[in-house]
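# Per-entry structural report
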Amino acid sequence: MPQNDQTKNDARKAGKNNKRAPHAGLWWILVAGGVFLVTLLFVSTYLPGMSERVKFFTVNALSILILTAIAVQAYIYRRQWKAMQGQLDAMEGQSRIMGESLVETRRMVEHNERAVKVAEESIEVARENTIYAQRAYLTVTKRVALTDGFLLRIRNVGNTPANDVHVRAVADVGYVPPPPPANVMENLTYIGSLSPRGTFDIVRFANNVTAEQKSLLSDPEQEFRVWCVGAIFYEDIFKYDLDGGARKTTFCYHQTAGSPSVDAWVTGNQAD
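The model shown is predicted, which means the values in this text are computed figures rather than measured ones. (Residues numbered from 1 in each chain as written. Predicted model: local features only at pLDDT ≥ 70, side-chain atom pairs only at ≥ 80, totals over all residues. Heavy atoms only, no water.)

Now for the overall build of the protein chain. Within the protein chain, the secondary structure is distributed over four helices and nine strands. Reading the secondary structure of the protein chain in the N-to-C direction produces α-α-α-β-β-β-β-β-α-β-β-β-β. The burial tally for the protein chain puts 25% of its 272 residues in the buried class. Partitioning the intrachain contacts of the protein chain with sequence separation of at least 6 by distance along the chain shows that 65% fall at a separation of at least 24. (Helix = DSSP H or I, 4+ residues; strand = E, 2+ residues; numbered from the N terminus. Buried < 20%, exposed > 50% of the residue type's maximum accessible area, 1.4 Å probe, protein only. Contact = heavy atoms within 4.5 Å.)

See below:
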């Protein structure tokens with residue numbers, strides 16, 4: 001990093017400056033102390049009228065030595081303080097660099113988290129697309145009108161097999177569609193497995209149609225119709241369950257008097 005290199009260069013310059021003048025201040029202190037001692041010795045020796053020359057020299061020499069020692073100690077402490085201050089400045093520079101590195105690392109972590117999230121979402125989308133493209137789809141592809149009933153062809157139009165296929169359907173006559181089958185077992189046709197493009201035909205008749213109802217069915221002016229209502233239940237190979245149950249395709253068809261076609265009603269035709 002540029003700031004780190006600058007810190008190293010400053011430290012190298014400071015080291016070169018220290019090598020050029022090692023302990024220059026300490027030598028000046030010692031020289032000054034020596035000059036004071038020589039001066040004191042000269043004064044105590046040649047100053048006229050001094051009665052206690054030895055005592056004068058001893059006391060003042062001790063003071064000079066103590067003062068010199070204090071100056072040396074202060075000089076050493078001063079250099080130590082400068083060295084510690086330099087180390088502190090270097091540590092502050094390193095701390096600043098580490099802080100900037102930490103911020104950059106956090107940004108990289110956030111960027112990686114976003115990338116991982118996008119990748120997970122892409123995987124989920126790809127999985128769902130694979131399911132949609134390859135799953136089984138069961139529907140009614142053919143419906144034929146019979147006397148008071150219908151033939152329905154169930155077909156797997158998907159790309160993979162459908163399992164546990166069963167159909168619940170009921171036929172009846174009336175003005176409105178009948179309710180879904182109430183008796184599950186009587187109106188159940190179990191198909192089992194149905195391969196891709198495979199088909200299965202079921203037949204449903206309206207039971208106990210009275211003569212009056214047949215008369216209404218033959219009158220084109222009446223809205224009396226033959227109905228077939230039901231649902232196809234199945235599971236695909238992807239083990240998808242909807243609310244705890246299998247996939248479902250519902251249907252609701254009708255035939256009116258005078259029409260050979262079987263038409264889908266406006267409601268009741270849905271698939272998941």
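Here the narrative resumes.
Enumeration over the complete set of coordinates arrives at three aromatic pairs. Ring centres 5.0 Å apart and planes at 80° place the aromatic pair Tyr175 and Phe224 in the edge-to-face group. Of this pair, Tyr175 sits in the loop between strand S3 (162–174) and strand S4 (188–194) while Phe224 sits in the loop between helix H4 (211–217) and strand S6 (225–236), placing them 49 residues apart in sequence. Plain terms: the ring middles of Phe251 and Tyr253 are 5.7 Å apart, the flat faces sit at 15° to each other, and that makes the pair stacked. (Phe/Tyr/Trp six-rings, centres within 6.5 Å; stacked < 30°, edge-to-face > 60°.)

Moving on: unusual backbone geometry. Among all residues save glycine, negative phi is the norm, and among peptide bonds the norm is trans. We note that Arg197 has phi near 70°; this positive angle belongs to a residue other than glycine. Within the secondary structure, Arg197 sits in the loop between S4 and strand S5 (199–205). With phi around 55°, Asn208 is a residue other than glycine that occupies positive phi space. Along the polypeptide, Asn208 turns up in the loop between S5 and H4. Relative accessible area serves as the criterion here: at 74%, Asn208 is assigned to the exposed category.

This part takes up the nonpolar core. Counting residues in each nonpolar core, the largest one holds 25 residues, and the members touching the most others are Leu138, Leu152, Val165, Val167, Ile232 and Phe251. Of all elements in the fold, only strand S1 (138–146), strand S2 (149–156), S3, S4, S6 and strand S7 (247–255) reach the threshold of two or more residues within this core. Among all residues touching Val167, those that are not within four sequence positions of it are Ile154, Asn187, Leu188, Thr189, Ile191, Ile202, Arg204, Ala231, Ile232 and Phe251. (Core = buried A, V, L, I, M, F, W, Y, C linked by side-chain atoms within 4.5 Å.)

Turning to the sheet that holds S1, a few remarks are in order. Pairing in this open sheet of three strands is antiparallel, and the strands run S1-S2-S5 from one edge to the other. Looking at the sheet topology across the chains shown, the edges are occupied by S1 and S5. Taking each pair of neighbouring strands and ignoring which way they run, the sheet shows an average axis angle of 20°. Pairing of S2 with S5 involves seven bridges; the strand directions are antiparallel. (Pairing = 2+ DSSP bridges. Axes fitted to C-alpha atoms, helices over the stretch in contact; angles between N-to-C directions.)

This part takes up the environment of Pro220. Secondary-structure assignment places Pro220 in the loop between H4 and S6. In the structure, Pro220 is positioned 36 residues away from Thr256 in sequence and 7.4 Å away in space, judged by C-alpha atoms.

This next bit is on the pattern of salt bridges. In this structure the tally under the stated criterion is six salt bridges. Salt-bridge contacts for Asp201 lead to Arg153; the nearest nitrogen and oxygen are separated by 2.8 Å. Pair noted here: Asp201 is in strand S5 and Arg153 is in strand S2, with a separation of 48 residues, a long-range link. We classify Arg153 as partly exposed; its relative accessible area is 27%. Of the charged contacts, one joins Arg225 and Glu223 as a salt bridge, the two residues approaching to 2.5 Å between their closest N and O atoms. Residue class for Arg225 comes out buried when judged on its relative accessible area of 11%. A relative accessible area of 45% means that Glu223 is categorised as partly exposed. Within the structure, one salt-bridge network assembled from shared partners comprises Asp236, Arg247 and Asp272. (Salt bridge = Lys/Arg side-chain N within 4 Å of Asp/Glu carboxyl O.)

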